[in-house]
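Survey of secondary and tertiary structure
So the chains spell out like this:
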Amino acid sequence: MSDIASPVEPAICVKGGGGVLFPLFGDAEQEWPRGLRIFLYLIGLLWCFMGVGIIADVFMTAIEKVTSKKVRRYDKKKQRFYTFEVWNATVANLTLMALGSSAPEILLNVIDIFA
């Protein structure tokens, strides 16, 4: 074993430290008042949560549209039309729930592959 310690990188919140994305404006951002930085980062965080909420609403509306599809069939024996659901609602909802609960893990793995 070597007695030489590897250099420790400064934390993201101190001068000279940095991450993949933050601090946005480099070391100059460290000179801003702490309250202003907290406020701006909270606004950015809320903006992201609103975006996720809007996307989730659009996604769920699309899923409801897909899973509520119905088909009309004509029965020659009874001389009547019947309406059938294409998707079993329970199976469709459980499948989408499983996909939705795994989405964060899938996205983290995709980010890990390309980052």
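Look a little higher up for the structure.
To start, this report covers the structure provided alongside it. Bear in mind the structure is a predicted one, so any value in this text is a computation, not a measurement.

Quick look at the side chain of Thr67 now. Within the secondary structure, Thr67 is located in helix α1 (residues 34-67). Reaching out from Thr67, the side chain makes a polar contact with the backbone oxygen of Glu64 at a distance of 3.5 Å. For Thr67, the residues in contact, after removing those within four places along its chain, are Trp87, Ala92 and Leu96.

All chains considered together, the criterion is met by 1 aromatic pair. The ring of Phe81 is capped by Arg72, whose NZ or CZ atom sits 4.5 Å from the centre of that ring.

Before going further, it helps to spend a moment on the pairing of strand β2 (residues 80-85). For strand β1 (residues 70-75) and β2, the ladder comprises 6 bridges, and the chain directions are antiparallel. The partner of Tyr74 across the bridge, within β2, is Phe81. Between β1 and β2, which pair antiparallel one after the other, the connecting turn spans 4 residues, and Gln79 there sits at a positive phi close to 55°.

Turning next to α1. With 34 residues, α1 should reach 50 Å at 1.5 Å per residue; the first-to-last C-alpha distance of 49 Å fits that figure. Those residues of α1 that fall on the buried side of the exposure criterion are Arg37, Ile63 and Thr67. At its buried positions, α1 is contacted by α2 (89-114).

With that out of the way, let us pick up α2. Over its 26 residues, α2 runs 36 Å from end to end, which matches the ideal 38 Å to within 8%, given 1.5 Å per residue. Along α2, the sharpest kink reaches roughly 45°, centred on Ala103 and followed within four residues by the proline Pro104. Where α2 begins, the capping side chain belongs to Asn88, and its oxygen is found 3.2 Å from the backbone nitrogen of Thr90.

About the criteria used
Residues numbered from 1 in each chain as written. Predicted model: local features only at pLDDT ≥ 70, side-chain atom pairs only at ≥ 80, totals over all residues. Heavy atoms only, no water. Helix = DSSP H or I, 4+ residues; strand = E, 2+ residues; numbered from the N terminus. Polar contact = N/O pair within 3.5 Å; in protein donor to acceptor, adjacent residues only side chain to side chain. Contact = heavy atoms within 4.5 Å. Phe/Tyr/Trp six-rings, centres within 6.5 Å; stacked < 30°, edge-to-face > 60°. Lys NZ or Arg CZ within 6 Å of the ring centre and 35° of its normal. Pairing = 2+ DSSP bridges. Expected span 1.5 Å × (residues − 1). Buried < 20%, exposed > 50% of the residue type's maximum accessible area, 1.4 Å probe, protein only. Bend = angle between axes of the 7 residues up to and from the residue.

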